[in-house]
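For reference, the chains in residue letters:
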Amino acid sequence: MLKNNIRSVKASEIELKEKVVAINRVAKVVKGGRRFSFAAIVVVGDGNGVVGYGLGKANEVTDAIAKGIDDAKKNLVKVPIYHSTVPHPMEGKYSGGFVLIKPAAAGTGVIAGGAMRAVLESAGIKDVLCKSKGSSNPHNVVKATFDALSKMRDPLAVAQQRGVNLQKVFNG
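Just so it is clear, the model here is predicted, and its values are computed rather than measured.

Some details on the overall build of the protein
Right, on to step 1. The helix and strand inventory of the protein stands at five helices and eight strands.
Right, on to step 2. Reading the secondary structure of the protein in the N-to-C direction produces β-β-β-α-β-β-β-β-α-β-α-α-α.
Right, on to step 3. Principal-axis analysis of the C-alpha atoms gives the protein an extent of 70 × 35 × 30 Å.
Right, on to step 4. Long-range pairs, those at least 24 residues apart, make up 60% of the contacts in the protein between residues at least 6 apart in sequence.
Right, on to step 5. Carbon and sulfur atoms make up 51% of the accessible area of the protein, which amounts to about 9600 Å² in all.

Structural notes on the pattern of salt bridges
Right, on to step 1. In the structure shown here, the tally under the stated rule is four salt bridges.
Right, on to step 2. The partner of Arg-117 in a salt bridge is Glu-121, and the shortest N-O contact between them spans 3.4 Å. In this pair, Arg-117 and Glu-121 are both assigned in helix α2 (residues 114-123), four residues apart and thus about one turn of the helix distant.
Right, on to step 3. Judged by its relative accessible area of 33%, Glu-121 falls in the partly exposed class.

Some words on the pairing of strand β8 (residues 128-134)
Regular strands show a simple pattern: their side chains alternate between the two faces of the sheet.
Right, on to step 1. Pairing geometry for strand β6 (residues 97-103) and β8, over seven bridges, is antiparallel. Among the inter-strand pairings, Lys-102 is bridged to a residue of β8, identified as Leu-129.
Right, on to step 2. Sheet analysis places strand β7 (residues 110-111) next to β8, joined by two bridges and oriented parallel. Across the sheet, Val-110 pairs through a bridge with Val-128, a residue of β8.
Right, on to step 3. In this fold, the crossover linking β7 to β8 by way of α2 has left-handed handedness.

Describing the domain arrangement of the protein
Right, on to step 1. According to the domain assignment, the protein consists of domain 1 (17-77) and domain 2 (81-171).
Right, on to step 2. The distance between the C-alpha centroids of domain 1 and domain 2 comes to 24 Å.
Right, on to step 3. At the junction of the two partners, domain 1 supplies 17 residues and domain 2 supplies 13 residues.
Right, on to step 4. In total, about 1200 Å² of surface goes out of reach between domain 1 and domain 2, with carbon and sulfur atoms giving 77% of it.
Right, on to step 5. Linking domain 1 to domain 2 there are one salt bridge.
Right, on to step 6. Ionic pairing is found between Lys-19 and Glu-121, a salt bridge with its closest N-O pair at 2.7 Å.
Right, on to step 7. Applying the counting rule to domain 1 against domain 2 returns three residue pairs in polar contact (both at pLDDT 80 or more).
Right, on to step 8. At the level of secondary structure, the elements contributing two or more residues to the side of domain 1 that touches domain 2 comprise β1 (17-30), β2 (33-45) and β3 (50-58).
Right, on to step 9. Tallying contributions element by element places β3 first for the side of domain 1 that touches domain 2, with five residues.
Right, on to step 10. Classifying every residue of the side of domain 1 that touches domain 2 by side-chain character gives ten nonpolar, five polar and two charged.

Focus: the sheet that holds strand β4 (residues 76-78)
Right, on to step 1. The strand order across the open sheet formed by four strands is β1-β2-β3-β4, and the pairing between neighbours is antiparallel. At either end of the open sheet lies a strand with only one pairing partner, and these are β1 and β4. Across the sheet, the mean angle separating the axes of adjacent strands is 15° when strand polarity is ignored.
Right, on to step 2. Two elements, β2 and β3, share eight bridges in a ladder whose sense is antiparallel. Bridge pairing in β3 links Phe-38 to Ala-58.

Rules used throughout
- Residues numbered from 1 in each chain as written.
- Predicted model: local features only at pLDDT ≥ 70, side-chain atom pairs only at ≥ 80, totals over all residues.
- Heavy atoms only, no water.
- Helix = DSSP H or I, 4+ residues; strand = E, 2+ residues; numbered from the N terminus.
- Contact = heavy atoms within 4.5 Å.
- Areas by Shrake-Rupley, 256 points an atom, 1.4 Å probe, with all protein chains shown as cover.
- Salt bridge = Lys/Arg side-chain N within 4 Å of Asp/Glu carboxyl O.
- Buried < 20%, exposed > 50% of the residue type's maximum accessible area, 1.4 Å probe, protein only.
- Pairing = 2+ DSSP bridges.
- Right-handed = clockwise from strand over helix to strand, strands pointing away.
- Domains from an automatic or database assignment.
- Buried area = accessible area lost by both parts, 1.4 Å probe.
- Polar contact = N/O pair within 3.5 Å; in protein donor to acceptor, adjacent residues only side chain to side chain.
- Nonpolar A, V, L, I, M, F, W, Y, C, P; charged D, E, K, R; others polar.
- Axes fitted to C-alpha atoms, helices over the stretch in contact; angles between N-to-C directions.

What follows is the structure, encoded as structure tokens:
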């Protein structure tokens, strides 16, 4: 799934803020009528490059959100941020969801759709251009966004690997 090449982070070391991306009411038909339960997608992040997502299911909305937060804290990822934006353009894919993430100039803001916006703001990215192509299902959009962010390479690591300074990496 998304586990390859992801830099994991411990949840107990940082202060996380949570955002609910979507709540879905699910109906199960039983003998006496319909039984409703809820599924919540939650994104947590510290606003400084650490972000995670989780899915919680329960009979009550508050319980579903709490379960989603616990799940999100188990799936934290470190995202490279360069001058409050992403270091380079990247495409992410999960199932039918495709996302395109591009760096933007300072002051641009987060130009992204709902599910993607929650992930990027939780990660602490302030200037970015995004496009969600394909599925608009929040589950797939969030996972595709995480796929794109997890494939991002840190500019300092690239500079060290190539044996050049940071300006040479961006200016050729």
